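These are the residues of each chain, in order.
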Amino acid sequence: KKREPQRPFEAFQIEVTSRCNLKCVMCPVTVLADHWAQRDLPWDTFERVAEAFGRVKWVYLQGWGEPLLHRRVFDMVARAKSAGCRVGFTTNGTRLTRANGARLLDLGLDLMAVSIAGARAATHEAIRAGSDFAKLVENLRRFLSLRRELGSAAPKVEVFYLMTPTNLAELPHAVRLAAELGADELVATNL
């Protein structure tokens with residue numbers, strides 16, 4: 001009853017790519033690598049889905065892959081924003097370069113979640129194989145600094161902490177790290 005008649009759907013989650021540049025030990029992309037189809041969502045398929053954006057509040061561009069690997073992810077954000085949707089995604093942060101961060105801010109991204117799997121390099125990198133924890137932290141720090149310089153509150157930046165038996169003890173350190181970086185929220189999730 002509380003839904004807007006013109007936008008009856010709360011959110012569409014769209015997997016824009018099944019490719020990833022990391023080999024996380026718990027992820028189907030890694031575990032099922034021999035059988036995993038690594039593909040990008042074709043633009044024409046995205047456009048067919050986008051025809052319904054006028055009926056949805058949120059478009060979340062995320063699945064098992066890393067959205068910033070899709071060559072048209074910025075076009076996807078722009079397309080959803082132009083339809084009046086709020087837009088977000090989850091990233092592993094490896095491709096959150098200065099240029100990519102500036103583009104996301106310019107496009108008016110509403111939510112960005114950055115996944116970590118430890119509050120220390122050794123822990124994070126053991127779970128998210130191929131990741132460079134120091135570079136990830138620097139990418140996030142630079143993005144949040146740029147957001148502050150622009151005087152913007154958007155996008156909301158969440159640090160997603162994947163809890164496992166091997167990293168649970170570092171959760172308090174992750175809370176402090178997220179606060180020190182200036183993230184808006186830390187979300188602790190179970191595997």
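In this report, the structure presented in the accompanying data block is examined. Quick caveat, the model's predicted, so the values are computed rather than measured.

1. Some remarks on the packing of aromatic side chains
Point 1. According to the stated counting rule, one finds four aromatic pairs in the structure shown.
Point 2. A ring pair is formed by F12 and F53, whose centres lie 6.4 Å apart and whose planes are at 55°; its orientation type is tilted. Here F53 lies in the loop between α2 (43–50) and β3 (56–61) and F12 lies in strand β1 (residues 9–14), a separation of 41 residues in the sequence.
Point 3. Put simply, the rings of F9, F12, W43, F46 and F53 touch in pairs and so form one group of aromatic residues.
Point 4. When the ring centre of W43 is taken as origin, the NZ or CZ atom of R72, which lies over that ring, is 3.8 Å away.

2. Thoughts on the packing of helix α3 (residues 73–82) against helix α4 (residues 98–107)
Point 1. Contact pair α3 / α4: the axes reach a minimum separation of 10 Å and the direction vectors enclose 10°. Classed by the angle they form, the pair α3 and α4 counts as roughly parallel. Judged by residue contacts, F74, V77, A78 and K81 of α3 engage N100, R103, L104 and L107 from α4.
Point 2. The class makeup of the residues in the contact of α3 with α4 is five nonpolar, one polar and two charged.

3. Structural notes on the sheet that holds β1
Point 1. The sheet built from six strands is open, its strands ordered β1-β3-β4-β5-β7-β8 with parallel pairing. A single partner strand is all that each edge strand has here, and the edge strands are β1 and β8 (185–190). Strand-to-strand twist across the sheet, computed as the mean angle between neighbouring axes with direction ignored, equals 20°.
Point 2. As paired strands, strand β7 (residues 156–163) and β8 are joined by six bridges and run parallel to one another. Of the residues in β8, the one forming a bridge with E158 is E185.
Point 3. This element, α3, spans β3 and β4 (86–91) of the sheet and lies at about 175° to β3.
Point 4. Where helix α6 (residues 133–149) meets the sheet, it contacts β5 (111–116) and β7, and its direction lies at approximately 160° from that of β7.

4. Regarding the side chain of T123
Point 1. If you trace the backbone, T123 turns up in helix α5 (residues 121–127).
Point 2. The class for T123 is buried, based on a relative accessible area of 16%.
Point 3. Residues in contact with T123, not counting those within four places in the same chain, are A117, G118, T166, N167 and E170.

5. Structural notes on the environment of L41
Point 1. With respect to the secondary-structure elements, L41 resides in the loop between α1 (28–31) and α2.
Point 2. The class for L41 is buried, based on a relative accessible area of 17%.
Point 3. Setting aside its immediate chain neighbours within four residues, L41 contacts I14, E15, V16, F46, H70 and M76.

6. Structural notes on the pattern of salt bridges
Point 1. Summed over all chains, the structure comprises 13 salt bridges.
Point 2. D110 is the salt-bridge partner of R86, the closest N and O atoms lying 3.7 Å from each other. Of the two residues, R86 is situated in strand β4 and D110 in the loop between α4 and β5; the sequence distance between them amounts to 24 residues.
Point 3. Judged by relative accessible area, D110 falls into the buried class, the value being 12%.
Point 4. Of the charged contacts, one joins K156 and E185 as a salt bridge, the two residues approaching to 3.2 Å between their closest N and O atoms. Taken as a pair, K156 in strand β7 and E185 in strand β8 lie far apart in primary sequence, 29 residues in all.
Point 5. Among the residues examined, E185 registers a relative accessible area of 32% and is labelled partly exposed.
Point 6. Each of the salt bridges in this network shares a partner with another, and the network as a whole consists of K81, R86 and D110.

Each value, and the rule that gives it
- Residues numbered from 1 in each chain as written.
- Predicted model: local features only at pLDDT ≥ 70, side-chain atom pairs only at ≥ 80, totals over all residues.
- Heavy atoms only, no water.
- Phe/Tyr/Trp six-rings, centres within 6.5 Å; stacked < 30°, edge-to-face > 60°.
- Helix = DSSP H or I, 4+ residues; strand = E, 2+ residues; numbered from the N terminus.
- Lys NZ or Arg CZ within 6 Å of the ring centre and 35° of its normal.
- Axes fitted to C-alpha atoms, helices over the stretch in contact; angles between N-to-C directions.
- Parallel < 35°, antiparallel > 145°, perpendicular 65-115°, else oblique.
- Contact = heavy atoms within 4.5 Å.
- Nonpolar A, V, L, I, M, F, W, Y, C, P; charged D, E, K, R; others polar.
- Pairing = 2+ DSSP bridges.
- Buried < 20%, exposed > 50% of the residue type's maximum accessible area, 1.4 Å probe, protein only.
- Salt bridge = Lys/Arg side-chain N within 4 Å of Asp/Glu carboxyl O.

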